[in-house]
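Structural overview
Below are the chains, spelled out letter by letter.
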Amino acid sequence: PAQPSPPTLVARLPLEAERVAASATAAVPAARPVPSAAPLNGSAARPGADDVPLRELALAWFEARGYRSAPASSAVRPIEQVLRHRHDPARAYAFVVENARVSAERVQQLRTQARSIGLLRVLIVANGGAEDGAATKSKGVRLMDRESLAAEFGQLDFSVAAKIIAVARKRSNLPTTVH
């Protein structure tokens, strides 16, 4: 009996991507991408993502997992977006972009601000990176810097990662092809 398809787009994409990747690797074994962890310099694990703003990569990453963004009120800045899951609105994140290096103290400030507007989770995009362990003691905090996002992309099939990166590139008004 046929099983129902998974509820999120990304859950369906790997199945198709694996089929395409399997046929490509059968024809040309060297063409198969090697899943890689983040390089030591912290650049993205997938080609073409180095020049894409981290903010756009993180938003595309969460949207691929079923989250939809809505602008937050200017009264709650630096929270700029609220990300709600399309199937479970209770799974909502306050979305914050920090350009400076993020400290544990800053994580707590942002977590407190998110809770003050009724959000139990906060996603912090750390353009300047983060102190070691800045978010480890904070329940409901997801901190994404270039290195951690690269590790997430490294776990995906290449074609799925490429689609997410393409969405982020388009949103950033960057060319969608990389030479």
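You'll find the structure just up there.
Reference entry: report on the structure contained in this document.

Here is what the cut-offs are and how they apply
Residues numbered from 1 in each chain as written. Predicted model: local features only at pLDDT ≥ 70, side-chain atom pairs only at ≥ 80, totals over all residues. Heavy atoms only, no water. Helix = DSSP H or I, 4+ residues; strand = E, 2+ residues; numbered from the N terminus. Contact = heavy atoms within 4.5 Å. Polar contact = N/O pair within 3.5 Å; in protein donor to acceptor, adjacent residues only side chain to side chain. Pairing = 2+ DSSP bridges. Axes fitted to C-alpha atoms, helices over the stretch in contact; angles between N-to-C directions. Salt bridge = Lys/Arg side-chain N within 4 Å of Asp/Glu carboxyl O. Buried < 20%, exposed > 50% of the residue type's maximum accessible area, 1.4 Å probe, protein only.

Of note, D145 is situated in the loop between β5 (141-144) and α4 (146-154). Taking the C-alpha atoms as reference points, D145 and N127, separated by 18 residues in sequence, lie 6.1 Å from one another. Residues within four places of D145 in sequence aside, it is in contact with L54, A126, G129 and A130. Within the local environment of D145, its side chain forms a polar contact with the backbone nitrogen of S148, the two atoms lying 2.8 Å apart.

Before going further, it helps to spend a moment on the sheet that holds strand β2 (residues 79-85). The 5 strands are arranged β1-β2-β3-β4-β5 in an open sheet whose pairing can be described as mixed. With partners counted over all chains shown, the strands left at the sheet margins are β1 (67-71) and β5, one partner each. Here the strands of the sheet are splayed against their neighbours by 25° on average, with no regard to which way each runs. Examined bridge by bridge, β1 and β2 share 5 bridges and lie antiparallel to one another. Bridging from a neighbouring strand, P71 pairs with Q81 of β2.

Moving on, we get to the pattern of salt bridges. The tally for this structure, following the rule as stated, stands at 7 salt bridges. Of the charged contacts in the structure, one is a salt bridge between R55 and E56, with a shortest N-O distance of 2.8 Å. Residue classification places R55 among the partly exposed positions, given a relative accessible area of 22%. The exposure class assigned to E56 is buried, which follows from its relative accessible area of 11%. A salt bridge links R55 to E80; the nearest nitrogen and oxygen atoms lie 2.6 Å apart. One end of the pair, R55, is in helix α2 (residues 54-64); the other, E80, is in strand β2, and 25 residues separate them in sequence. Connected via shared salt-bridge partners are R55, E56, E63, E80 and R171.

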